[in-house]
Amino acid sequence: MEWQKLVVGVDGSDSSKTALRWAYDVALAHGSELTVLATWRPVAPPPSGSASTYPTDDTDQATIAEQQLLSLIREQIGEDPPVLIRPRVVEGSAAKVLIDASQDADLLVVGSRGIGGFVGLLLGSVSQHVAAHAACTVVVVR
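Residues numbered from 1 in each chain as written. Predicted model: local features only at pLDDT ≥ 70, side-chain atom pairs only at ≥ 80, totals over all residues. Heavy atoms only, no water.

1. Focus on the pairing of strand β2 (residues 33-40)
Judged by how many residues are buried, β2 sits mostly within the fold: seven of eight residues are covered. For strand β1 (residues 5-9) and β2, the ladder comprises five bridges, and the chain directions are parallel. Each residue of the ladder has a partner; that of V7, found in β2, is T35. The parallel pair β1 and β2, bridged by helix α1 (residues 14-30), forms a crossover whose chirality is right-handed. When β2 meets strand β3 (residues 85-91), the two strands line up parallel, connected through seven bridges. Across the sheet, L34 pairs through a bridge with I85, a residue of β3. (Buried < 20%, exposed > 50% of the residue type's maximum accessible area, 1.4 Å probe, protein only. Helix = DSSP H or I, 4+ residues; strand = E, 2+ residues; numbered from the N terminus. Pairing = 2+ DSSP bridges. Right-handed = clockwise from strand over helix to strand, strands pointing away.)

Here it is, written out as structure tokens:
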């Protein structure tokens, strides 16, 4: 099977970093393009009078998410990879965004466990949901 369009979901967890490296190796071997997809959700501001720093609007939050994604890609893959990398940040639920992205992908790659969840489960809720509902082949990397 020829995989031309690969999508990998990342959230900064160790599992998603492993999935990113695995997807990159497959993209390199197949001469494929790789979309590295991260999601973000609006965060409620801290209580009034709080001394914490907080992005002031959704644009700031999206920009921070984009910067974190680019940093993660550089950290895991390097500055100038020989594979076409398409970083993409989308607002929304990770499972829904990944399932939507699977419509145009040949292969969807996710880590087995994300940032949240319960220790001891074999699959996280996002990877389990994606594996059950994606429109393309899914690889869950441990």
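2. Regarding the pattern of salt bridges
Oppositely charged side chains can pair when the atoms bearing their charge come close. Considering all chains together, one arrives at four salt bridges under this definition. One salt bridge in this structure joins K96 and D100, with 2.8 Å as the shortest N-O distance. Here K96 pairs with D100, and both are found in helix α3 (residues 94-101), just four residues apart, close to one helical turn. K96 sits in the exposed class, given a relative accessible area of 51%. Taking relative accessible area as the criterion, D100 reaches 42% and is therefore assigned partly exposed. (Salt bridge = Lys/Arg side-chain N within 4 Å of Asp/Glu carboxyl O.)

3. Looking at the environment of G31
For G31, the location among the structural elements is in the loop between α1 and β2. Since its relative accessible area comes to 58%, G31 is described here as exposed. The sequence separation of G31 and W3 amounts to 28 residues, and the corresponding C-alpha distance is 8.4 Å.

4. Section: the sheet that holds β3
Strand pairs in the sheet, formed through backbone hydrogen bonds, run parallel or antiparallel to each other. Reading across from one edge, β3-β2-β1-β4-β5 is the order of the five strands in this open sheet, with parallel pairing throughout. Two strands bound the open sheet, and with one partner strand each, they are β3 and β5 (137-141). Within the sheet, the average angular offset between the axes of one strand and its neighbour, ignoring direction, is 25 degrees. Seen against the sheet, helix α2 (residues 58-77) touches β2 and β3 and runs at an angle of roughly 150 degrees to β3. Packed onto the sheet, α3 meets β1, β2, β3 and β4 (107-111) and runs at close to 155 degrees relative to β2. (Axes fitted to C-alpha atoms, helices over the stretch in contact; angles between N-to-C directions. Contact = heavy atoms within 4.5 Å.)

5. Structural notes on the nonpolar core
Counting residues in each nonpolar core, the largest one holds 22 residues, and the members touching the most others are V8, V10, L20, L34, V36 and I85. Going through the elements one at a time, β1, α1, β2, α2 and β4 are the ones with two or more residues in this core. A per-element tally of this core places α1 first, with six residues. Apart from the residues lying within four places of it in its own chain, the contact partners of I85 are Y24, L34, V36, I73 and I77. Counting 13 residues, the second-largest nonpolar core is a separate cluster that includes V7, L37, V110 and A134. (Core = buried A, V, L, I, M, F, W, Y, C linked by side-chain atoms within 4.5 Å.)

6. A look at α1
Its 17 residues give α1 an end-to-end C-alpha distance of 25 Å, which sits within 8% of 24 Å, the value for a rise of 1.5 Å per residue. All of the buried residues along α1 are S15, S16, K17, A19, L20, A23, Y24, V26 and A27. The secondary structure elements touched by the buried residues of α1 are β1, β2, α2, β3, β4 and β5. Immediately downstream of α1, the backbone of G31 shows phi near 65 degrees, a positive value. (Expected span 1.5 Å × (residues − 1).)

Any functional reading would require information that these geometric values do not contain.
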